[in-house]
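# Coordinate inspection notes
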Amino acid sequence: MNTPLAEMFRYNRWANNLLLDACRGLSDVQLDATVDGVSGSVRVLLLHVVGGQQTFVLRTSGRHHEGELHRASAWPGFDVLAEIAATSSDELIAIAENLDADTDVALPFGGKTYTYPKSFFLVHALAHAVEHRTEIKLALTELGVATPDLDAWQYAGAAGYGREV
């Protein structure tokens, strides 16, 4: 069991939840505003973060493009988005926990098949989420909206780590 790797995905789930909760009270104008230097509106980026997790889960088993959310998806609402985020987060945690030895995954694309280590998709999932959560925070800041502190020290407190001995 790969508990340390799974812990990274527990942090990822926590950070996604905090950011989704912070965005729930935004108006449609705020959700759809675009900001220079950010690759989409807050709404589009939330869809992209959550859909990306769905994609990375599928890719660890050599699959993709099975109806996961993407930037152009219809907005499902915050409750559905949070449910998908929770489910895909839990799936990533389980994949990480069970990755005792890396294996190759064959992924078809454009009529050809490419191999990647399964761990690559987990690395990509983490990097992807951090990048786009940061963009969302930048957009919110530009819009004058307070953002949650997603630093790992905050996660430590939420997880009950760092108790005095």
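As shown above, the structure is provided for reference.
The paragraphs below set out a description of the structure included in this document.

Cut-offs applied
Residues numbered from 1 in each chain as written. Predicted model: local features only at pLDDT ≥ 70, side-chain atom pairs only at ≥ 80, totals over all residues. Heavy atoms only, no water. Helix = DSSP H or I, 4+ residues; strand = E, 2+ residues; numbered from the N terminus. Buried < 20%, exposed > 50% of the residue type's maximum accessible area, 1.4 Å probe, protein only. Contact = heavy atoms within 4.5 Å. Areas by Shrake-Rupley, 256 points an atom, 1.4 Å probe, with all protein chains shown as cover. Polar contact = N/O pair within 3.5 Å; in protein donor to acceptor, adjacent residues only side chain to side chain. Expected span 1.5 Å × (residues − 1). Phe/Tyr/Trp six-rings, centres within 6.5 Å; stacked < 30°, edge-to-face > 60°. Axes fitted to C-alpha atoms, helices over the stretch in contact; angles between N-to-C directions. Parallel < 35°, antiparallel > 145°, perpendicular 65-115°, else oblique. Left-handed = near helix turned anticlockwise from the far one by under 90°. Nonpolar A, V, L, I, M, F, W, Y, C, P; charged D, E, K, R; others polar.

With that out of the way, let us pick up the overall build of the protein chain. Helix and strand counts for the protein chain stand at six helices and two strands. Listing every helix and strand of the protein chain by position from the N terminus yields α-α-α-α-β-β-α-α. For the protein chain, the spread of C-alpha atoms along the three principal axes comes to 55 × 45 × 30 Å. Evaluated residue by residue, the protein chain yields a buried proportion of 44% over its 165 residues. Across the protein chain, every contact between residues at least 6 apart in sequence was considered, and the portion connecting residues at least 24 apart equals 69%. Here the protein chain has roughly 8800 Å² of accessible surface; of this, 56% comes from carbon and sulfur atoms.

With that out of the way, let us pick up the side chain of S89. Here S89 lies in helix α4 (residues 78-97). Separated by 3.1 Å, the side chains of S89 and Q53 make a polar contact. Those residues in contact with S89 that sit more than four places away from it in its chain are N12, R13, N16 and Q53.

Before going further, it helps to examine helix α1 (residues 3-23). If you check α1, its first and last C-alpha atoms are 30 Å apart, about what 21 residues at 1.5 Å a residue would give, namely 30 Å. Burial in α1 covers these residues: L5, A6, E7, F9, N12, W14, A15, N16, L19, L20 and C23. Those residues of α1 that are buried are in contact with α2 (28-32), α3 (42-59), α4, α5 (118-142) and α6 (152-159). Its side-chain oxygen 3.2 Å from the backbone nitrogen of L5, N2 forms the N-cap of α1.

One pass over the full model with this rule turns up eight aromatic pairs. Seen from their ring centres, F120 and F121 are 5.4 Å apart, and the 65° between their planes marks the pair as edge-to-face. F121 sits in the buried class, given a relative accessible area of 2%. Following the ring pairs from residue to residue traces out a cluster consisting of Y11, W14, Y155 and Y161.

Time to look at the packing of α4 against α5. Between α4 and α5, the least distance of the axes is 11 Å, while the angle of their chain directions is 140°. Between α4 and α5, the interaxial angle falls into the category oblique. The element α4 and its partner α5 pack so that their crossing is left-handed. Between α4, through L92, I95 and A96, and α5, the contact on the second element is made entirely by K118, L122 and A125. In the contact of α4 with α5, the residues fall into five nonpolar, no polar and one charged.

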